[in-house]
Each structure stands twice: as C-alpha cells, then as structure tokens.
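Examining the three-dimensional arrangement
Letter by letter, the chains look like this.
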Amino acid sequence: MARRGRVVNAVAGIGDAGLEQRELNAGRDHRSRLQRCVFLVFALLVSIVRADSPRAAQAKIWEEFSGEKALAHVQRLVDFGPRPPASDAIEKSRDYIDNQLRLSGWQVTRQAFTDDTPRGKVRFVNLIARFPGQGSVAPAFLLCSHYDTKTFDTIRFVGANDGGSSTGLLLELARVMGQHPDLARKIELVFFDGEEACEQFSEKDGLYGSRYFARELQDPRQFRGGLLFDMIGDRSLGITLPSDSPAEMARDIFAAAEALKLRNYFTYLGRELIDDHAPLNAIGIPTLDIIDFDYPWWHTADDTMDKISAQSLQTVGSVALYYLAEIGLKR
C-alpha cells in the first residue's frame, strides 16, 4: 500500500506540474496575441496617417527628378537634327514628345495653326498636355518650353541647349508629376512651336506658338501663374531671370533654390528678354522665364550636347518641383 501511495502521489505531482506548465504556456500565448494586436493596431494607425497626408504623399518629390533621364530626351531630339518649323525633324520631335507624355499618363492635344512669316505662310503645332482624373477642375499652373530650333541657311543648328534642354526637362517633369496625380492635375504643359524668329524678333516675327496660344486662351484667369524654361542645360549654369520677372514669383524661386542649397545658380539678368513668357504676361498670367542667357554658343553651330550637362538639368528640375510642391501651388 505504501508503495502504491508513493506512485499515486508521484502521478499527482506530475499532473500538478503539467497543469502549471499549461497555465504558463497559456499566459505566454495570451501575451503574444496581445503584443501582435498592439503591433497591428499601431501599423494600421501609421498607414492611415500616411494615406491621409497629402504632404507625406508629395514629400521630397524634387528628389525623384533625374537629370540623366532629362538629358537622354535632349539627346533624342538632337539626333533628329535641326528642328525648324514645318521640317521633317520637328514632326519627328513632336511625335516623340507626344509619345513620351502619353507614356507618363498625360493626354495630349495638338494645337495646329498657320501664320504669316517673313518666309511666307508656315504651319506650326503647339503640344498641350493635361493629366486626366477626378472631376473637371481645370489646371491652375502652366509649365512651358519651346521645342523648335531657329532656321539657318548657312550652319547646322541642332539647339541642344536652345530648344532641346528645356524640352527634355519638361518631359522629365511630366514623368515625375505623373506619379503624383494630385499635383499633375493642377498643371498644364505646353510645348511651343515657332519661338524662334525667322529673321529678327518683332511684333510679327517670333513667338508664333506662344502668341497663338495666348490669343486662343478663353479664360486666362484660370491660371494663377506659369514657368517658362529656356536654355537651362549649360554646363556652367547660371540662371538669369529677366528684370521684368513677376517679383513675387522670382522671390519664391530664389527661396526654393535657397531651400535646396542651390541659390548660387540663380540671379537676375538686369534687362528684359523677348521670350515665350511675354505673351502670357500680356494676358494677365504671371509667368517667370527661367533662362540662362549667358551662353556663348547661342545660335551657333556649337550649341551641341557637349555644352550641356545632366547636373544642370537636375538643378533646375529640382528647384522647379520644390517650388511647385512647397510654394507655388499652395498660395
């Protein structure tokens, strides 16, 4: 009997130990489940905050710009050769621009017209792009470039900087903004034809595309402002804002450059310029001409790819995106 009791007591002891172990395991499981629940709730709250924050969605959009991608677009345009209005090369250029915009999600309209020039009637085509999406709210801001090159009879002018750099930059801006639809829907992109004068700039020669666009615009008041890019690829970059620039916009561009520690690349030219911003300002759209006019190869056969750089395009593109996301479209 004594032996049996010891066996019974031993069995009872084992049972008590097993019960204690099961209770310990249950406690651990409960704490583990509780920890998992707390983690999941925290992760859910973080995701909700991020999803509801437009600022987070657009945070540092300027860092997404690629000067190398912009330069590759310029190379493609230069490869087509001289691109004066009504040439085969400019038709190839507009097909390329159109296709690249559509690949980035933009809808493109061709604004074709014929105008009198010192060389007779010439057909021009502006390319206008908008980003589709929610509602029918019209874009509030213009981003512009010209994509033609000046007509020369004696030299081969491919306009790597003059006509090429700004167009490549605008195509890369379109790609970046296309990944941020809320920003893209506030923008209208315009690629002007016929910026260059056939002979010499005058009221009837040059700025054909921007003048026609301005005349045909039904409600200029919808646009709170615009940026025009021209000759912004110079390896030795020095953006020279014309003296007649809208003062508040100029200050804001300087502020954007300062925020990115790029202020030393931006200054005033000290005089007015005839460029595609002029017809837009004339109809009440404050438009800033972002241009590096200190370019020794302007309107020469040496305006070629070796004179421009991806870094210069990167500088201007980053400042433009910072301005749009943090300043220009928040006013």
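Refer to the preceding data block for the structure.
Here we take up the overall build of the protein. For the protein, the helix and strand inventory stands at 10 helices and eight strands. Out of the 331 residues belonging to the protein, those deemed buried represent 50%. Relative to all contacts within the protein whose residues are 6 or more apart in sequence, the contacts with residues 24 or more apart total 77%. Surface summary for the protein: the accessible area is close to 16600 Å², and the carbon and sulfur share equals 53%.

In this structure, strand β1 (residues 107–117) lies alongside strand β2 (residues 120–130), joined through 11 bridges in antiparallel fashion. Among the inter-strand pairings, Thr114 is bridged to a residue of β2, identified as Arg123. Between β1 and β2, which pair antiparallel and follow one another directly, the connecting turn spans two residues. Across four bridges, the pairing between β2 and strand β4 (residues 187–192) is antiparallel. Counterpart to Leu127 in the pairing with β4 is Phe191.

Once that is clear, we can look at the sheet that holds strand β5 (residues 225–230). Strand order in this open sheet of six strands is β1-β2-β4-β3-β5-β8, and the pairing throughout is mixed. The open sheet terminates on both sides in strands that have one partner only, identified here as β1 and β8 (287–291). Neighbour to neighbour, the strand axes of the sheet diverge by 20° on average, direction disregarded. Relative to the sheet, helix α5 (residues 160–178) contacts β3 (141–146), β4 and β5, its axis offset from that of β3 by approximately 145°. The strands that helix α8 (residues 247–259) touches are β3, β5 and β8; relative to β8, the one it contacts most, it runs at about 45°.

What follows is about α5. Side chains that are three or four residues apart share a direction in an α-helix, a result of its 3.6 residues per turn. For α5, with 19 residues, the first-to-last C-alpha span of 25 Å sits near the 27 Å given by 1.5 Å per residue. By the criterion of burial, α5 is predominantly enclosed, with 18 of the 19 residues buried.

Okay, the environment of Phe191 next. Relative to the assigned elements, Phe191 resides in strand β4. Sequence-wise, Phe191 and Ser210 are 19 residues apart; in three dimensions their C-alpha atoms are separated by 9.1 Å. Excluding anything up to four places from it in sequence, Phe191 contacts Ile97, Leu101, Val125, Asn126, Leu127, Ser145, Tyr147, Thr167, Leu170 and Leu171.

Two numbers describe how helix α4 (residues 88–103) lies on α5: the axes approach to 9 Å, and their chain directions differ by 20°. With respect to α5, the element α4 is oriented roughly parallel. Considering how the two elements wind past one another, α4 and α5 form a crossing that is right-handed. Taken together, the residues of α5 that come into contact with α4 (itself represented by Tyr96, Ile97, Gln100 and Leu101) are Thr167, Leu171 and Ala174. Here the residues of the contact of α4 with α5 are counted per class, giving five nonpolar, two polar and no charged.

Conventions used here
- Residues numbered from 1 in each chain as written.
- Predicted model: local features only at pLDDT ≥ 70, side-chain atom pairs only at ≥ 80, totals over all residues.
- Heavy atoms only, no water.
- Helix = DSSP H or I, 4+ residues; strand = E, 2+ residues; numbered from the N terminus.
- Buried < 20%, exposed > 50% of the residue type's maximum accessible area, 1.4 Å probe, protein only.
- Contact = heavy atoms within 4.5 Å.
- Areas by Shrake-Rupley, 256 points an atom, 1.4 Å probe, with all protein chains shown as cover.
- Pairing = 2+ DSSP bridges.
- Axes fitted to C-alpha atoms, helices over the stretch in contact; angles between N-to-C directions.
- Expected span 1.5 Å × (residues − 1).
- Parallel < 35°, antiparallel > 145°, perpendicular 65-115°, else oblique.
- Left-handed = near helix turned anticlockwise from the far one by under 90°.
- Nonpolar A, V, L, I, M, F, W, Y, C, P; charged D, E, K, R; others polar.

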